[in-house]
Amino acid sequence: MDILEEILEQIKKYNRIIIHRHQRPDPDAIGSQVGLAKILQASFPHKQIKVVGKQIDGLSWLGNMDDVEGEFFDDALVIVIDTANSPRIDDRRFENGAFLIKIDHHPNDDQFGDLMWVKEEASSSSELVFDFFARFKDQLTLTKEAARDLYAGIVGDTGRFMYPSTSAHTHNVVAGLMETGFDMVEVNQTLDGIPESVAHLSAYVYDNLKINSNGAAYIVLSKEVLEKFNLKDAGTAGIVSIPGRILTVKWWAIFVEQDDHSYRIRLRSKGPVINELAKKHDGGGHPLASGAKAKNLEEVNQIISELDQLA
Ligand code: AMP
């Protein structure tokens, strides 16, 4: 029995299934979470399938989170998707189920769960969910809504098919999703659209980004700046990829000041591996897309000098 058959066997065994994903979710975290839930619900209508974690207004078009009582976890199967490190799992009750499965495409640095299916070369967790469906398509049902959510996850995590994680297989998966007939144009327009506040912040980023001669770039977004644009931390998602459009920029960091004056760091690269640097500063992620934390401006400056030396 291979890992996919083992996962299906566990899914069949439990009547209650709860799907978790990481904190501060992106379209792939939510898309893979609710996409999987919709596939399982359509395939096993008698089972109770729930999704948990903080409700994210900007992504609620993909699906809403459920209110789940503590007792629901008794004798339930818990699936954690798209989350490499257990401390980042949203809703700490993931440990309260009877059986735990990890499904992910990040480097498997923190191994948790009774079963793990981790495929680093996959573009996204949404791609993995489709692969799971495709493997057992005689037993599973892919609805139009589930396909739409998985498509959104793939578009999000591949930067609209621009990142090297996009493979021929990714495009085959998209073809399989599109066969369900969901409105692809609507999804693309929703993912691409930005509020005016983010448009103004984008202009600020282009104007204030520091670019070093070796290709390293960075910007510090203080609370004051975010307040000026009437944005919170989550509003920075729309500007993370912006520096990469500048030809001379090879890798970059966006430092976002938090309420406690620590900084969230969003790291991206077109080549040099940046997740090792992220791991040194309470973070992690993919080789070309990672996140980390800095306690104060001193650590921010330390990271800026480390960024400079990455070349
Ligand atoms: P973000 O900049 O938040 O979109 O994160 C980019 C990637 O880095 C995602 O794959 C995240 O899962 C990962 N990541 C972000 N922050 C952290 C962290 N503090 N620890 C581990 N991985 C992280």
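The name an unreviewed UniProt entry assigns to the protein chain is Phosphoesterase, DHH family protein, from the organism Pediococcus stilesii.

## A few points about the site of the ligand
Around the ligand, the surrounding shell holds 14 residues, and the nearest of these are R88, H106, R264, R266 and R268. R88 is positioned with one of its side-chain polar atoms (N or O) 2.9 Å from an oxygen atom of the ligand. R266 places a polar side-chain atom, nitrogen or oxygen, 3.0 Å from an oxygen atom of the ligand. Considering the ligand on its own, with 480 Å² of exposed area, one finds that the protein chains cover 88% of that surface. Breaking the shell around the ligand down by element, the ones donating at least two residues are β9 (263-269), β10 (284-285) and β11 (289-294). Among the residues making up the shell around the ligand, the classes are represented as 1 nonpolar, 8 polar and 5 charged. Taken domain by domain, the shell around the ligand gets at least three of its residues from each of domain 1 (3-191) and domain 2 (196-310).

## Focus: the domain arrangement of the protein chain
Structurally, the protein chain comprises domain 1 (3-191) and domain 2 (196-310). Measuring from the centre of the C-alpha atoms in domain 1 to the corresponding centre in domain 2 gives 27 Å. Between domain 1 and domain 2, the residue contacts involve 8 residues of the former and 9 residues of the latter. Buried area between domain 1 and domain 2, both sides added, is near 640 Å², and the carbon and sulfur share of it is 51%.

About the thresholds
Residues numbered from 1 in each chain as written. Predicted model: local features only at pLDDT ≥ 70, side-chain atom pairs only at ≥ 80, totals over all residues. Heavy atoms only, no water. Near = heavy atom within 4 Å. Polar contact = N/O pair within 3.5 Å; in protein donor to acceptor, adjacent residues only side chain to side chain. Areas by Shrake-Rupley, 256 points an atom, 1.4 Å probe, with all protein chains shown as cover. Helix = DSSP H or I, 4+ residues; strand = E, 2+ residues; numbered from the N terminus. Nonpolar A, V, L, I, M, F, W, Y, C, P; charged D, E, K, R; others polar. Domains from an automatic or database assignment. Contact = heavy atoms within 4.5 Å. Buried area = accessible area lost by both parts, 1.4 Å probe.

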